[in-house]
Amino acid sequence: MRTLFILLFALLAAACGTTTTVAPSAAPSAPASKLVIAQTIDAQSMDPFFVNQVAGESVMKMLFDHLIERDFDGKLVAGLAESWNIVDDKTLEFKLPQGVTFHNGEPFDANAVKFSVERMLNPDLKSSFRGNFKAIKEVQIVSAMTVRLILAQTDAAVLDNLSAQLAIVPPQYLKQVGDAEFARKPIGTGPFKFVEWVKDDHVTLEANRNYWKGSFKGEPRVHTVVYRPIPEASTRIAELKAGRVDIIQDVPPDQVKDLQAAGFNVVAKDAPQEAFIFLASDTPNTPLADKRVRQALNYGVDVDSIIKNVLQGYAHRIASPIGPLTLGYDASVQPYPYDLVKAKSLLSDAGFANGFDVVIDATSSDKTLTTEAVAGELAKLNVRATIRQLDLGTFNDNWSNKRSSPMIAARWSGMFDPASALNFFAKSDGLLTRYKNADADRLIAEAASTLDQSKRAALYAQLHKTLHDDPLGIYLWNTQNLYGLSKRVTGWRAHARSYIAATHVTVQ
């Protein structure tokens, strides 16, 4: 269990009939030069079925492709399926392109899709993603280039999960070398091929000159890509300034102006990563059980001031867990305005005119500055918050098992589709829920019962308003990812899922 879940949500494109023509590319002229990318940590594995954090995903998305993908703006687009069709709420059909091959020359076809899905579902593999695909009952090969997924029950998150977690892998190669060797020497269909992995030092890839045309990722324009894990932000910045890396991840907001003054480019990209102070409203006879108290805390925190002064403006307010990149987002539902008078009035009406004492749990692996800023705002209401710094294991145990934390500071990442995320913290029987609302339960259940994206969007729009009016947390912001780029880099695009792609880039 982690605080930052890679759970998925988005402005889902209408799934039926989405088509992109895919054809094998003629070998382009050999790309030149090397691109070096500094990330915060190393990849967990070279097997995509075991990678659930952004740094590893950066590598996996360059080595592997999915049936459907999220493009640079987070929309669902064709991947290794040139089109897909929702036959009914339990049947999805995918048309596959001719002529695509894995890096070793093995052909991509319906058998590769069936093998990949069944590998994910195999309990012996022990992939942490397996539960996200438990609704799949059967994979039917209709023809060599047509495949169907038959669901045991409707799963509204299935398209999103396919785009995020189910890379297509080569059956013949995997059967030949086995899982352990595959994790050391992976082979996919992606724009780059694996060269080597020296754990905690670097991953090296080289251009796949036969990458198929039609992918939103585009063909590689550099010969070699090196991903380096550099945990310290100050070290990443020093390496960028010294010319030893070309792109760095997670530029601290207070370092942006310094980098720009030195001639470096800083790219800000909206990401579906939202910050909350979750409120435990499920325990009777506590202040947070009263909706008026939870509303007061939202009115009483000057979020705009924190964004301006602490985050240097690199974030956007949210009005509920359904943010601007989410299916069902309704821009007419506005964030709570800062209104200290109204906040104090609501607390008084609820019987807490003198405030109350409360503990905010935060993980020591996350930044604490913004949590401290929120606590400072709450002090203006006489809500006396003590921040309890916990290691990640204790933090998660308190939240999900002991359920002892009255307030929880956390960020949720990768949420394009609400179907998975809201099951964790907005349903009354969710794994992390400290919140109960009958209308929210009904809307979540109805949205999960259909694959019709327009119906789901309408239901989530209603839920957006429900969760705003009866808040499950103090709603803070949708973060922006910040990347530092060398002057030599041109054409690079930040991805909405936060991973660092190495396509579209040239290095002078």
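Structure: above.
Residues numbered from 1 in each chain as written. Predicted model: local features only at pLDDT ≥ 70, side-chain atom pairs only at ≥ 80, totals over all residues. Heavy atoms only, no water.

A. Layout of the pairing of strand β18 (residues 473-485). Of all 13 residues making up β18, 13 are buried, and the element is well covered by its neighbours. Across two bridges, the pairing between strand β12 (residues 247-248) and β18 is antiparallel. Considered in β18, the bridge of Ile247 is made with Leu485. In this structure, strand β13 (residues 265-279) lies alongside β18, joined through eleven bridges in antiparallel fashion. Residue pairing for β18: Ile277 is matched across the bridge by Ile474. In terms of strand pairing, strand β14 (residues 315-317) meets β18 through three bridges, oriented antiparallel. Note that in β18 the partner of His316 across the bridge is Asn478. (Buried < 20%, exposed > 50% of the residue type's maximum accessible area, 1.4 Å probe, protein only. Helix = DSSP H or I, 4+ residues; strand = E, 2+ residues; numbered from the N terminus. Pairing = 2+ DSSP bridges.)

B. Structural context of unusual backbone geometry. One non-glycine residue, Lys126, lies in positive phi territory at about 65 degrees. When you line up the elements, Lys126 lands in the loop between α2 (110-121) and β7 (136-143). Note on Lys126: relative accessible area 66%, which makes it exposed. Even without being glycine, Gln312 reaches a positive phi, approximately 55 degrees. Relative to the elements of secondary structure, Gln312 occurs in the loop between α8 (303-309) and β14.

C. Just empty space enclosed by the protein, in detail. Scanning all chains against the criterion turns up two cavities of 30 Å³ or more. For the largest cavity, the calculated volume is near 140 Å³. Lining the largest cavity are 15 residues; nearest its centre among them are Pro48, Val51, Glu57, Ala164 and Gln165. When residues of the lining of the largest cavity are assigned to their parent elements, the largest contribution, three residues, is made by helix α1 (residues 54-63). Looking at side-chain class alone, the lining of the largest cavity contains eight nonpolar, four polar and three charged residues. (1 Å grid on protein atoms, 1.4 Å probe; cavity = no way out; pocket = protein on both sides within 12 Å on 5 of 7 lines; lining within 4 Å. Points joined across faces, edges and corners; volume = space filled by probe spheres on them. Nonpolar A, V, L, I, M, F, W, Y, C, P; charged D, E, K, R; others polar.)

D. Molecular detail of the pairing of strand β10 (residues 202-207). Counted residue by residue, β10 has five buried out of six residues, so it is predominantly covered. Bridging between strand β9 (residues 192-198) and β10 involves six bridges; their strand directions are antiparallel. Following the sheet pairing, Glu196 is matched in β10 by Thr204. Between the antiparallel neighbours β9 and β10 lie three residues, among them Asp200 with a positive phi of about 65 degrees. In terms of strand pairing, β10 meets strand β11 (residues 224-229) through four bridges, oriented antiparallel. Residue pairing across strands places Val203 opposite Tyr227, the latter belonging to β11.

E. Geometry of the side chain of Arg434. Structurally, Arg434 can be placed in the loop between α12 (418-425) and α13 (438-448). Arg434 gets classed as buried once you look at its relative accessible area, which sits at 7%. Among the polar contacts listed, one links the side chain of Arg434 to the backbone oxygen of Ser405, at a separation of 3.2 Å. Discounting residues that sit within four places of it in the chain, Arg434 has contacts with Leu279, Ala280, Ser281, Asp282, Thr283, Trp399, Arg403, Ser404 and Ser405. (Polar contact = N/O pair within 3.5 Å; in protein donor to acceptor, adjacent residues only side chain to side chain. Contact = heavy atoms within 4.5 Å.)

F. Focus on the pattern of salt bridges. Inspection of the entire model under this criterion finds 29 salt bridges. Taking the shortest distance from any N to any O, the salt bridge between Lys217 and Asp65 comes out at 2.8 Å. Of the two residues, Lys217 sits in the loop between β10 and β11 while Asp65 sits in the loop between α1 and β3 (68-70), which places them 152 residues apart along the sequence. Its salt-bridge partner being Glu446, residue Arg442 comes within 3.4 Å of it at the nearest N-O pair. (Salt bridge = Lys/Arg side-chain N within 4 Å of Asp/Glu carboxyl O.)

G. Layout of the environment of Leu96. Structurally, Leu96 is set in the loop between β6 (91-95) and α2. In sequence terms Leu96 and Glu82 are 14 residues apart; their C-alpha atoms lie 5.5 Å from each other. Those residues within four positions of Leu96 in sequence are excluded, and the remaining contacts are Leu67, Leu80, Ala81, Glu82, Phe108, Asp109, Ala110, Val113, Ala144 and Met145.

H. Focus on the nonpolar core. By size, the foremost hydrophobic cluster in this structure holds 78 residues, and its most contacted members are Leu35 and Phe94. Residue contributions to this core peak at six residues, all from α2. Excluding residues within four positions of it along the chain, Leu35 makes contact with Val222, Thr224, Val225, Val226, Asp246, Ile247, Val489, Ala502, Val505 and Val507. In terms of nonpolar packing, the next biggest core, distinct from the first, is built from 32 residues, Ile307, Ala343, Leu346 and Ala362 among them. (Core = buried A, V, L, I, M, F, W, Y, C linked by side-chain atoms within 4.5 Å.)

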